[in-house]
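# Chains, contacts and geometry: an overview
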Amino acid sequence: MTGSFRVQLVNMGTRGAAFQAKLRCLHEYHVRLLSNQIPTPSGSDIANTIKYFSQTLLTVLKDVPCSPLEMIKDPSLDQSRMSSYPNLEYQNLYNALTMLLDVASSIQNGLNLFGKALLQCLGCILPFLDKDLIDNLPYLAASSISVLPPSLHQDIINYLCYYILPFTITRQSDDDQECHACQSVSAVIMLVFQYSNNPAHHCQLLESLMRLKHNVVKDLLCVIAYGTSASRASAAKLLFYYWPAFDPNLFDRKGLLCKFTNNLIPFVCQRESCPNAGNAEAVKVCYNHCISILYAVDSPPPLYLCIECANEIHRDHPDLSFGDILHPMQQVSMICENKNCRSSDKSAVSICFSSECASYNGNHPIRYCSQCHGNRHNSRRGIDHIVHRSLPPMMMMDAEMQTYMVEAVISLLREAKPLNLDFGRDSSSDSKGSAGNGTQDTLTLEDRQLLGRYGIWLLVGRCKPTADTPIEILGRLLSMLFHWFHITAYSYDGQAESTLEKLKLEHVCGWLKDVCDSHYKDFIDCLLPHPPEYSRVGGHWDTLASRTSHLKEGLQRLICLIPYEIINQQIWDTVMPHWMEAVTNDVPEKELPELKIVLSKILDPDMSPLGFDAKAMYNFVTIRFEKTTAKVQQQALHWLQNLTKLEILIPLTQLFAMFGDGVRIMKHGMQAEFHTDKIGKGSGSKIARDKELQPPRRSSISPVVEDDSGNTSAISDDEAPISRHTEFSTDAEHNLTCCILMLDILLKQMELQDIEQHSGIYTTVCDGVCRLLKCMVTAAKVGLGNHICSSKECGYCEASVMWHQLSTKLVQYLAPLDAVRPPDAPLPEIIDDEKPSRKSPPESEKESKTRDRDVSLSMAPLPIPLGPLGPVPVAVPQPEPHSVGGVLVHMPHVCSIPDRGREKDISQFIHATDEVLLNVK
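Residues numbered from 1 in each chain as written. Predicted model: local features only at pLDDT ≥ 70, side-chain atom pairs only at ≥ 80, totals over all residues. Heavy atoms only, no water.

Per an unreviewed UniProt entry, the protein chain carries the name Protein unc-79 homolog and comes from Aedes albopictus.

Here's what the structure looks like:
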């Protein structure tokens, strides 16, 4: 063993022992800071210990013969690289630095010194790390920006851009895929954009990434999609600032974007003995680690030099080679920067960051038009250049980038906030999240408005619908766009409102019409009250709300689309039945008044923004009375009943037309059934019966089946949807229910519209009422006498009584107060035991009196129905009445007949009222 080798072993053993002792000091500092032990270590104490490690690492690196900075770019050389260093605890040092960074917020003084020493050590330790730690180093360095003071933010950016990122994200994995460090770039961008308020830092970081990595736009879209509000705002601005415009006609780039890099601090020469120290900008780089440590003792390699220092070192070391540093972009050009460009269309479509192309532009990144780009980058030249082209259409992106694109649009549209609406839940949640990260959301209303426009530009320009567009993507975009329409309808005034309206009319409405033409069913699904799960984004879908709130906000969205002619007659007739059915099923009666304003805006003829008249507005209800079943009519009647409860006026002419069509189809159906029984009992061939039976053709409309909102996400209340169960099953029973609802709605609408009472029978309203009542008597089999009670509590009988009572109220409402000829007084009841000698009048005399009495009744009010034997009681309450077709608007209670002599009294009551109604008019 020679003496020199023995000295090396001793030195290595001494260095290893000192290395371990200093590591124990770092662990002790961490424990004391973590447990807040007194005295707590100061930042200067920790910095002095960390500086020891930096100097030790540089000393070890200087003795390495090979070039570790060149070897670190190739993962296959990691083993050779690590074997050239002495065996020291590099991984433990990295872990110790990570733990100290976690407790840095507990350092009470000297935090600035600690931060500088930490960053220097991270740059020095890079060549000594294995594969996994190298991949984690960019994120660790970027995360320090959250705990170190703002005075060190420029140093953090410099270490990332010049000492860490060039040797980590350029590494290639074994299967030629991106390394793990590349996959953390989006996290690095988000951290810097979130915690640094200086736009120059954002530009410097992004330009460095664009110089080193392809497809940086994918990482930027990821930040926009999933980042915080502050990072999303910066990422969106820089996306439209740096990347060539994908549609020059979509927005005015000159008036929109400002210059971001006006306060960029240049990276200066790192040579210790530089004659212009602190002032000379670095333009050359030397990757030789020995030369770097020789001329910059305290800085990690590589060495960045000004032109004067580079020439001086080159004279001393002629065999050294220096690389050029790419300068920042001075101004982003929208046209080709090639001085020899001969293209007729000089619009920039790509930007190249390679040294070869940048040399033609003073070592600045250069933009090319389509022709120059093809000349500079083809199969023969420029294959290895890092080129960034304008954002491709969404359907040309890979699956991961496509997801980022969709979520980026949704996040940008979600950022739009109203000026005069209260979205306290969203703002409170945002502020809580920001407070937890140590920052506050400082976005102004103008910034949020601009973010919304960024989202619209991406949507209209890059997300054009095609036949291959997945419905899940289209549904999410549509739902979020509808929310943006809702928000911007109340947000801005003046110039901002004019800009938004111009954007909607010129671009967004056309995009929506294209979607409607190519994906009509999916477009309709997104307008329904309970859209598919993938479409439930934005606005009320992002909050914990009741069913009523969901419907209210959804209807508000619908209102905001109406002025732009997005909702035409066909779409209106398709979606409104679903909304009305959802209101009927999901809204408790006590919460129904909450929908009065929004429903009045839509359906009130005087307030509605719809571009068609009242007849077209209620066409979706009208068609449900034309040759439809009683169940379809009953569903529509419940919608009208809810509107009547909310005091929404419906034109009486439309009501008479609807109800008349509905009753006529009931009447024809009853006649067909009656003829079936008659012909079936008699004789005749099948052909004869077929000729006799000619029922009207039924419509194909079926009852609306609305999705159960109980399956809706973000429902806060526990109330089950309201169901309308009825005990009726036959057509006659359903017809009777419909007739009751018609009369009830009609009576209440007459009161709401201030129809004059007791106006006589020669008015248009009375004419419509009388025609409707006379048709109902036959249609619903009221009083035909073929009903047999199946139980003591007969719901059909009670429904018949209710119909007669409503009919009487209608006649009382219209009939004059003073009769022309009062009716005869009713005959008293005759008891045979008391007056056995009294004789009954002849039958002809009875018939004559009855006719005279009926004529009088037709011109006088009907305070109470009369039977053959005297007055019939009609207002005897019953403890538990049956509900027919839901809660009636007008009737305070259900009238019924006492149990004693029940069937006989009901029969008398029905025949008496029928007799009156058949003689009306």
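## Description of the overall build of the protein chain
Threshold: Strands are runs of DSSP state E lasting at least two residues, helices are runs of H or I lasting at least four, and both sets are numbered from the N terminus onward. Per-residue accessibility, obtained with a 1.4 Å probe over protein chains only, is compared with the maximum for each type, and a residue is labelled buried under 20%, exposed over 50%, and partly exposed between these values. We call two residues in contact whenever any of their non-hydrogen atoms come within 4.5 Å of each other. Note on areas: Shrake-Rupley with a 1.4 Å probe; residue coverage comes only from the protein chains shown.
A count of helical and extended segments in the protein chain gives 37 helices and eight strands. When burial is assessed residue by residue, the protein chain has 52% of its 921 residues classed as buried. Put simply, 77% of the contacts in the protein chain that link residues at least 6 apart link residues at least 24 apart. Accessible surface, the protein chain: about 42,900 Å² in total, of which carbon and sulfur atoms supply 51%.

## Quick notes on the environment of Ala280
In this fold, Ala280 is placed in the loop between helix H14 (253-256) and strand E1 (284-286). Put simply, Ala280 and Pro266 are 14 residues apart on the chain and 8.7 Å apart in space, counted from C-alpha to C-alpha. When near neighbours in sequence (up to four residues on either side) are disregarded, Ala280 contacts Val268, Cys269 and Cys306.

## Observations concerning helix H12 (residues 216-226)
Of all 11 residues making up H12, 10 are buried, and the element is well covered by its neighbours. Restricting attention to buried positions, one finds in H12 the residues Val216, Val217, Lys218, Asp219, Leu220, Leu221, Cys222, Val223, Ile224 and Ala225.

## Remarks on the nonpolar core
Put simply, the rule is: By convention a nonpolar core is built from buried Ala, Val, Leu, Ile, Met, Phe, Trp, Tyr and Cys residues, the set being connected through side-chain atoms within 4.5 Å.
One finds Trp572, Leu603, Leu640 and Phe659 to be the most contacted residues of the largest nonpolar core, which totals 236 residues. Of all hydrophobic cores here, the second largest spans 14 residues; its members include Cys274, Ala280, Leu305 and Cys309.

## So, the state of the cysteines
Basically, it comes down to this: By convention in this document, the label disulfide applies to cysteine sulfur atom pairs within 2.5 Å.
Evaluated as defined, the whole model comprises zero disulfides. Cysteine Cys274 remains unbridged, with the sulfur of Cys309 as its closest cysteine sulfur at 3.5 Å. According to the relative accessible area criterion, Cys274 is buried, its value standing at 7%.

## Examining the packing of helix H13 (residues 229-242) against helix H21 (residues 445-462)
Filter applied, for reference: In this description, a line fitted to the C-alpha atoms serves as the axis of each element, helices being fitted only across the stretch in contact, and the angle between N-to-C directions of two axes falls anywhere from 0 to 180 degrees. Each angle receives one of four descriptions, namely roughly parallel if under 35 degrees, roughly antiparallel if over 145, roughly perpendicular if within 65 to 115, and oblique otherwise. Rotating anticlockwise by less than a right angle from the far helix to the near helix defines a left-handed crossing, while the corresponding clockwise rotation defines a right-handed one. Residue polarity is assigned by list, with Asp, Glu, Lys and Arg as charged and Ala, Val, Leu, Ile, Met, Phe, Trp, Tyr, Cys and Pro as nonpolar; anything else, Gly included, falls into the polar class.
Direction vectors running N to C along H13 and H21 enclose 50 degrees, while the axes themselves pass 10 Å from each other. If you check the angle between H13 and H21, you find them oblique. For the element pair H13 and H21, the recorded crossing hand is left-handed. In this structure, H13 contributes Arg232, Ala233, Ala236, Lys237, Leu239 and Phe240 to the contact, and H21 contributes Asp447, Leu450, Leu451, Tyr454, Trp457 and Leu458. Residue composition of the contact of H13 with H21, by class: nine nonpolar, no polar and three charged.

## A word on the packing of helix H5 (residues 90-102) against helix H7 (residues 131-143)
For the pair H5 and H7, interaxial distance at closest approach is 11 Å and the crossing angle is 25 degrees. With respect to H7, the element H5 is oriented roughly parallel. In terms of crossing hand, the pair formed by H5 and H7 is left-handed. Every residue of H7 that contacts H5 at Gln91, Tyr94, Thr98 and Leu101 is listed here: Leu133, Asn136, Leu137, Leu140 and Ser143. Residue composition of the contact of H5 with H7, by class: five nonpolar, four polar and no charged.

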